[in-house]
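The residues making up each chain are set out below.
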Amino acid sequence: MTDSYSGDDYRYMAQALALAARGLYTTDPNPRVGCVIVSQQGMVVGEGWHQRAGEPHAELLALRAAGRKSEGATAYISLEPCCHQGQTPPCTDALLAAKLGRVVAACADPNPVAAGGIALLQKAGMPASLGLLADQARALNCGFFKRMRSGRPYVRLKMAMSLDGRTALNNASSRWITGTQARSDVHHWRARSSAIMTGIQTVLMDDPLLNSRYRPVDGSEPQIKQPTVVVLDSHLRTPPAAKLFNSQRPVWLFTTSNKKGEFPLNTEVIKVSGTAQGLNLEEVLQQLAAWAINEVLVEAGSTLAGNLLQAKLLD
Ligand code: AOF
Ligand code: ZN
């Protein structure tokens, strides 16, 4: 039997998705999740969204806000509630204890250790369904889904190029091809990424900071979990004084070299195998996923970008 949903169901799930999106720059490596609790009288009695890994899940925050008003109410959740003990207790326990009337989740949890919450609720006699606005919910967590399903992160490529398909003048004098709007947009993409990946040529030529200085148009200062910096550096030539070491976030140098190198404390040097083109990119991406990297933003020159494209590793 397929579940049928009312206009209100769609509206409240859209609200849960909007709440989830508030965690866009902070929940990493956990998914962005939102929850809305609506009473039988059609009043929103509780809202919650997940803010940081290790902190309470969206469902728990919404249930806390609703208190006794959750009895008989409907919970709209943008991801299947977890039924496992992770860094926090299972949400299915809390949903059952709250004596809700119904649970509506947007999509199944792709995390094998946490999945199965909807079936568990149904077994316990709670009307519960999956699938409302599922595509939108998965898109919000494209990296989390990709990592859980394929063992690789979701990879975006940012390229600044002129209309003739070039990325810089031969003498490297053309540092800025993009205008101010595009450059500020990049900071949003960096802010939602778990990692920014670049190549050694870009580090040597531009000495970039590779952090997010994102400011929304309203001028507010958003909380941002700064992305990890990943440099593909076959011969370990990254200068220890490079600007990318200046921020307090991890820097991972992938290399085929056996050199040791003296780098700042937040640095990891990771040895991978090589190919004719350079580093084994598939191996790099698998390693990133193993270390819980969901979304990667590639900001590199045409060589690395072209290699990723040719290897069909770009999403
Ligand atoms: C979240 N936030 O709102 C929901 C999640 O280690 P834990 O206890 O935080 O569990 C993390 C897993 O729980 C996560 O990978 C996902 O499968 C599930 N649901 N996670 O971080 C939430 N509802
Ligand atoms: Zn949970």
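Residues numbered from 1 in each chain as written. Chains lettered and ligands numbered in written order. Predicted model: local features only at pLDDT ≥ 70, side-chain atom pairs only at ≥ 80, totals over all residues. Heavy atoms only, no water.

Draft legend 1. Summary view of helix H2 (residues 58–66). Taken residue by residue, H2 has Ala58, Glu59, Ala62, Leu63 and Ala66 as its buried positions. The buried residues of H2 occupy one face: seen down the axis, they fall within an arc of 125°. Check the buried side of H2 and you find it contacts strand E1 (34–38), strand E2 (44–49), strand E3 (74–77) and helix H3 (91–97). Downstream of H2 by one or two residues, Gly67 has phi in the positive range, about 55°. (Buried < 20%, exposed > 50% of the residue type's maximum accessible area, 1.4 Å probe, protein only. Helix = DSSP H or I, 4+ residues; strand = E, 2+ residues; numbered from the N terminus. Arc of directions from axis to C-beta. Contact = heavy atoms within 4.5 Å.)

Draft legend 2. Seen up close, the environment of Ala300. With respect to the helices, strands and loops of the structure, Ala300 is situated in the loop between strand E13 (295–299) and helix H10 (302–310). Along the backbone, Ala300 and Val203 are 97 residues apart, and their C-alpha atoms lie at a distance of 9.0 Å. Among all residues touching Ala300, those that are not within four sequence positions of it are Met159, Thr198, Gly199 and Thr202.

Draft legend 3. Inspection of the coordination of the zinc ion (ligand 2) at higher detail. The protein atoms that coordinate the zinc ion (ligand 2) are His57 (ND1), Cys82 (SG) and Cys91 (SG), at distances spanning 1.9 to 2.3 Å. Looking at His57, the relative accessible area reads 17%, which means it is buried. The exposure class assigned to Cys82 is buried, which follows from its relative accessible area of 3%. (Donors = N, O, S within 2.8 Å, 3.2 Å for Na, K, Ca; no water.)

Draft legend 4. Quick look at the packing of aromatic side chains. Applying the stated rule across the entire model yields six aromatic pairs. Centroid distance Tyr5 to Tyr10: 6.4 Å. Interplanar angle 85°. Geometry classified as edge-to-face. Its relative accessible area of 42% is what places Tyr10 among the partly exposed residues. Seen from their ring centres, Trp252 and Trp291 are 4.9 Å apart, and the 70° between their planes marks the pair as edge-to-face. With Trp252 in strand E9 (residues 251–255) and Trp291 in the loop between helix H9 (281–290) and E13, this residue pair connects regions lying 39 residues apart in the sequence. A relative accessible area of 10% means that Trp252 is categorised as buried. The ring of Tyr12 has Arg11 lying over it, and the distance from NZ or CZ to the ring centre is 5.0 Å. (Phe/Tyr/Trp six-rings, centres within 6.5 Å; stacked < 30°, edge-to-face > 60°. Lys NZ or Arg CZ within 6 Å of the ring centre and 35° of its normal.)

Draft legend 5. Structural detail: the sheet that holds E9. Strand order in the open sheet formed by six strands is E6-E13-E7-E8-E9-E10, and the pairing between neighbours is parallel. Across the chains shown, the open sheet's two edge strands, defined by having one partner strand only, are strand E6 (154–158) and strand E10 (267–271). When strand polarity is set aside, the average angle formed by the axes of neighbouring strands in this sheet is 25°. Each of E6 and E13 is contacted by helix H6 (residues 142–150), which is oriented at about 130° to E6, the strand it contacts most. (Pairing = 2+ DSSP bridges. Axes fitted to C-alpha atoms, helices over the stretch in contact; angles between N-to-C directions.)

Draft legend 6. Expanded view of the pattern of salt bridges. According to the stated counting rule, one finds 13 salt bridges in the structure shown. Between Arg156 and Glu295 there is a salt bridge, with the nearest N and O atoms lying 2.8 Å from each other. Placement of Arg156 in strand E6 and of Glu295 in strand E13 is noted, with a sequence separation of 139 residues between them. Neither Arg156 nor Glu295 differs from the other in exposure class; each is buried. A single salt-bridge network, built from bridges that share partners, covers Arg32, Arg156, Arg192 and Glu295. (Salt bridge = Lys/Arg side-chain N within 4 Å of Asp/Glu carboxyl O.)

Read these as layout, nothing more, since geometry by itself doesn't imply function.
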